[in-house]
Amino acid sequence: MRHFTLASLAATALTLGLLTATPVMAQATQPAAKSDSKMAPAPKAPAAESKMAPAPKVELLDINSATAEQLDALPGVGKAYSAAIIKGRPYKGKDELVQKKILPEKTYDGIKDKIIAKQKS
């Protein structure tokens, strides 16, 4: 019986020794890639750089001082809407065009990035 217990104990010790040593030997750490490696550098993406460029500034049209012709030039705004915009002046904010029911929401959505309502100082 003593021989069997000694053999079991030796086998268990050997198994534990192998289990704890395996991860250390299985994967060795490698130094970071050197610049003199034979791999080519990754190409630069020009499309990503163009997205980072700031958009050119567009002159916003002041709805409190714009002429009828300037308002007519906005997409979706005709002579009737431009006359209504001029008649409803002054505006505290450009969103008043919809609040006061001068323009429909869809038309306003098309021009809201092109207009501003400047206040007199």
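See the structure printed just above.
One structure accompanies this document, and this report is about it.

Here is what the cut-offs are and how they apply
Starting afresh in each chain, residues are numbered from 1 along the sequence in its written order. Selection of residues for local features in this predicted model requires a pLDDT of at least 70, selection of side-chain atom pairs for listing and counting requires 80 or more, and totals for whole chains, interfaces and linings are taken over all residues. Each side-chain value is worked out from all heavy atoms of the structure, with water and hydrogens disregarded. A carboxyl oxygen of Asp or Glu within 4 Å of a side-chain nitrogen of Lys or Arg is what we treat as a salt bridge. With a 1.4 Å probe rolled over the protein chains alone, any residue whose accessible area is under 20% of its type maximum counts as buried; one over 50% counts as exposed, and the rest are partly exposed. Numbering of helices and strands runs from the N terminus; a helix is a DSSP stretch of H or I covering at least four residues, while a strand is a stretch of E covering at least two.

Points about the pattern of salt bridges
So, step 1. Counted according to the given criterion, the structure contains two salt bridges.
So, step 2. When the shortest N-O distance is used, the salt bridge between Glu 96 and Lys 100 registers 3.5 Å.
So, step 3. The buried category is assigned to Glu 96, whose relative accessible area is 12%.
So, step 4. Judged by relative accessible area, which is 43%, Lys 100 ranks as partly exposed.
So, step 5. Across the pair Asp 109 and Lys 112 runs a salt bridge whose closest N-O atoms are separated by 3.9 Å.
So, step 6. Looking at Asp 109, the relative accessible area reads 38%, which means it is partly exposed.

What to know about the environment of Gly 78
So, step 1. Note that Gly 78 resides in the loop between α3 (68-72) and α4 (79-87).
So, step 2. With ten residues separating them along the chain, Gly 78 and Ala 68 place their C-alpha atoms 9.2 Å apart.

Quick look at the environment of Leu 61
So, step 1. Summarising the element assignment, Leu 61 is placed in strand β1 (residues 61-62).
So, step 2. You can call Leu 61 buried: its relative accessible area is 16%.

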